[in-house]
Amino acid sequence: MKRARSCAPSRSELMETAFTPWLSLGGGMMIGASAVLLMATNGRIAGISGLTSRIFARSSDGEARGVSALFVLGLLLAAPVWLLVSGDWPEQWVPSSPVLMAIAGLLVGFGAVFGNGCTSGHGVCGISRGSARSIAATIVFMTAAFLTVLVTRHLI
């Protein structure tokens, strides 16, 4: 008698990460180009937490709010544009509960406020500007990410 296979991925499938070098290179080039374009045209750092908070800030001027809103809108439209180009939605599967994801989101938000910027602001823009504070922040959050993966995938 054949056993029915569950729709949920196995533990070994959860551990796999599909590396797509050309898509990764293209995505990295677009992230870099958007950061350079935002800095060159508006003198603003492409840190997503800063851009998002600028949309909702009371003291933000209209131009800064508009530019920030357009940048964040571009991020949100990435998946629908991918659908138009490729004919299929980007494959995304997060093996976690909504409660755990909400806690993770709060921790990331706290970290962005506490670190005076997010991974995109420090990692992409800060390092390229040679900011010592951004280099230190990137080392800290990348180390935390490496340790989190090590603990959750190999020790627990």
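This one's a predicted model, so the numbers in the text were calculated from it and none came from an experiment.

Undergrad: When you look at the environment of proline 90 in this model, what are you seeing that I'm missing?
TA: With respect to the secondary-structure elements, proline 90 resides in the loop between α5 (78-86) and α6 (98-114). Residues proline 90 and alanine 79 lie 11 residues apart in sequence; the distance between their C-alpha atoms is 6.5 Å. In this structure proline 90 touches Ala79 and Trp82, once residues within four positions along its chain are discounted.

Undergrad: What should I look at first to understand the packing of helix α3 (residues 48-56) against helix α4 (residues 62-76) in this one?
TA: The packing of two helices is summarised by the inter-axis angle and the distance between the axes. Where α3 contacts α4, the axes come no closer than 8 Å and their chain directions differ by 125°. It follows that α3 is oblique to α4 by the angle criterion. Seen from above, α3 lies across α4 with left-handed handedness. Within the contact between the two elements, α3 uses Ile48, Leu51, Thr52, Arg54, Ile55 and Phe56 and α4 uses Ala64, Arg65, Ser68, Ala69, Phe71, Val72 and Leu75. For the contact of α3 with α4, a count of residues per class yields 9 nonpolar, 2 polar and 2 charged.

Undergrad: Is there a simple way to think about the packing of aromatic side chains in this case?
TA: Centre-to-centre distance and the angle between the planes together describe a pair of aromatic rings. If you walk through the whole model with that rule in mind, you get 1 aromatic pair. Seen from their ring centres, phenylalanine 110 and phenylalanine 114 are 5.6 Å apart, and the 15° between their planes marks the pair as stacked. In this pair, phenylalanine 110 and phenylalanine 114 are both assigned in helix α6, 4 residues apart and thus about one turn of the helix distant. Both residues of the pair, phenylalanine 110 and phenylalanine 114, count as exposed.

Undergrad: What is the right way to read helix α7 (residues 119-128) from this model?
TA: An α-helical turn contains 3.6 residues, so any two residues separated by three or four positions project in the same direction. Within the sequence span of α7, burial applies to Ser120, Gly121, His122, Cys125 and Gly126. Lining the buried residues of α7 we find α2 (21-42), α3 and α8 (132-155). Remark: glycine 130 follows α7 within two positions and exhibits a positive phi of approximately 75°.

Undergrad: Help me understand the packing of α4 against α5 in this model?
TA: As a packed pair, α4 and α5 sit with axes 4 Å apart at the nearest point and diverge in direction by 45°. The pairing of α4 with α5 is recorded here as oblique in orientation. Within the contact between the two elements, α4 uses Gly74, Leu75 and Leu76 and α5 uses Ala78, Ala79 and Pro80. For the contact of α4 with α5, a count of residues per class yields 5 nonpolar, 1 polar and no charged.

Calculation notes
Residues numbered from 1 in each chain as written. Predicted model: local features only at pLDDT ≥ 70, side-chain atom pairs only at ≥ 80, totals over all residues. Heavy atoms only, no water. Helix = DSSP H or I, 4+ residues; strand = E, 2+ residues; numbered from the N terminus. Contact = heavy atoms within 4.5 Å. Axes fitted to C-alpha atoms, helices over the stretch in contact; angles between N-to-C directions. Parallel < 35°, antiparallel > 145°, perpendicular 65-115°, else oblique. Left-handed = near helix turned anticlockwise from the far one by under 90°. Nonpolar A, V, L, I, M, F, W, Y, C, P; charged D, E, K, R; others polar. Phe/Tyr/Trp six-rings, centres within 6.5 Å; stacked < 30°, edge-to-face > 60°. Buried < 20%, exposed > 50% of the residue type's maximum accessible area, 1.4 Å probe, protein only.

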